[in-house]
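What follows is each chain in one-letter form.
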Amino acid sequence: MLETKDWGEHFQTPPNICNYMASFLPKNAGKILEPTAGKGRLVEALKSYGDVIAPQDFYKLEKQSFDWIVMNPPFTPMSQGYKILYNCMEMSDNIIALMPYLCIINGEKRTQDIMDYGLKSITHLPRSTFKGSRVQTCILEMQRGYKGQTIFKTLPK
């Protein structure tokens, strides 16, 4: 079991990114998990879309199904973020995940796992999204079983 951390002390998702991530969900999205809520910016953006669950400790959350998972997992260590992503892939058919670009270009198995799950789109985020960070990020729109072409997007202005 990985040591849990206070994810609220790490880089918080900017409000415009939270709103963009929430915009992927239908109006009545059902049961939504935000596994690493930090200070709750993403949770606030999701509240009008359904019933949002934001556990204090994701690793103590009982395995269950969610209609949607929307997340910005920790990038330090990145292995923790990947573990959360893989756990979430077992819990929902729909995932919106803010991840470092390395998650899709720095490991053939992980890239194949994400593609096999179903990668609908990748939204490129500007390097300036997280002040003080040098990590290039993107938003993955994932849907279990999706076999169509992956669309590359830029953040709407």
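Residues numbered from 1 in each chain as written. Predicted model: local features only at pLDDT ≥ 70, side-chain atom pairs only at ≥ 80, totals over all residues. Heavy atoms only, no water.

Looking at the nonpolar core
Operational definition: In this description, a nonpolar core means a group of buried Ala, Val, Leu, Ile, Met, Phe, Trp, Tyr and Cys residues linked to one another through side-chain atoms lying within 4.5 Å. Relative accessible area decides the class of each residue, using a 1.4 Å probe on protein chains only: under 20% of the type maximum gives buried, over 50% gives exposed, and in between gives partly exposed. Helix and strand labels come from DSSP, where a helix needs a run of H or I of at least four residues and a strand needs a run of E of at least two; each type is numbered from the N terminus. Here, residues are in contact when the closest pair of their heavy atoms is within 4.5 Å.
Core analysis: the biggest nonpolar cluster contains 27 residues, and Leu85, Ile95, Leu140 and Met142 have the highest contact counts within it. Elements that contribute at least two residues to this core include exactly β3 (68-71), α3 (78-89), β4 (94-100), α4 (102-105), α5 (108-117), β5 (119-124) and β6 (137-143). In terms of residue count, the dominant contributor to this core is α3 (six residues). Residues contacting leucine 140, with those up to four places away along its chain left out, are Ile95, Ile96, Ala97, Met99, Cys103, Ile104, Ile114, Leu119, Ser121 and Ile122.

Details of the packing of α3 against α5
Selection rule: In this description, a line fitted to the C-alpha atoms serves as the axis of each element, helices being fitted only across the stretch in contact, and the angle between N-to-C directions of two axes falls anywhere from 0 to 180 degrees. Working definition: roughly parallel below 35 degrees, roughly antiparallel above 145 degrees, roughly perpendicular at 65 to 115 degrees, and oblique for all remaining angles. For any helix crossing, the convention is left-handed if the near helix is rotated counterclockwise from the far helix by under a right angle, and right-handed if that rotation is clockwise. When residue character is reported, Ala, Val, Leu, Ile, Met, Phe, Trp, Tyr, Cys and Pro are called nonpolar, Asp, Glu, Lys and Arg charged, and the others, Gly included, polar.
Direction vectors running N to C along α3 and α5 enclose 25°, while the axes themselves pass 12 Å from each other. Looking at the two axes, α3 sits roughly parallel to α5. Crossing of α3 against α5: the hand is left-handed. Of the residues in α5, those in contact with Tyr82, Leu85, Tyr86 and Met89 of α3 are Lys109, Arg110, Asp113, Ile114 and Tyr117. Taken together, the residues that form the contact of α3 with α5 break down as six nonpolar, no polar and three charged.

What about the environment of leucine 46?
Within the secondary structure, leucine 46 is located in helix α2 (residues 41-46). In this structure leucine 46 comes out as buried when scored by relative accessible area, which is 0%. Taking the C-alpha atoms as reference, leucine 46 lies 24 Å from arginine 127; in sequence the two are 81 residues apart. The residues touching leucine 46, leaving out its near neighbours within four places in the chain, are Ala22, Leu25, Ile32, Glu34, Val52 and Val70.

Examining the pattern of salt bridges
Cut-off, in case you're wondering: In what follows, salt bridge is the name for a side-chain nitrogen of Lys or Arg lying within 4 Å of a carboxyl oxygen of Asp or Glu.
Under the definition given, this model contains five salt bridges. A salt bridge links lysine 47 to glutamate 44; its shortest N-O distance comes to 2.8 Å. On the accessibility criterion, lysine 47 (48% relative accessible area) is partly exposed. With a shortest N-O distance of 3.4 Å, lysine 63 and glutamate 90 are connected by a salt bridge. Separated by 27 residues along the polypeptide, lysine 63 in the loop between β2 (50-53) and β3 and glutamate 90 in the loop between α3 and β4 bring together distant segments of the chain. On the basis of relative accessible area, glutamate 90 is assigned to the exposed category, the value being 60%.

Comments concerning the packing of aromatic side chains
We count it as follows: Each aromatic pair joins two rings of Phe, Tyr and Trp (for Trp, the six-membered one) with centres within 6.5 Å, and gets the label stacked for planes under 30 degrees apart, edge-to-face for over 60, and tilted for any other angle. Whether a charge sits over a ring depends on NZ of Lys or CZ of Arg being within 6 Å of the ring centre and within 35 degrees of the ring normal.
With the rule as written, the count across this model stands at two aromatic pairs. Judged by centre distance (5.1 Å) and plane angle (80°), the rings of tyrosine 20 and phenylalanine 24 are edge-to-face. By the burial criterion, tyrosine 20 is buried, and phenylalanine 24 matches it. Aromatic pair phenylalanine 58 and tyrosine 59: ring centres 5.7 Å apart, planes at 65°, arrangement edge-to-face. Each member of the pair phenylalanine 58 and tyrosine 59 is classed as buried. Between the NZ or CZ atom of lysine 31 and the centre of the ring of phenylalanine 66, over which it lies, the distance is 4.9 Å.

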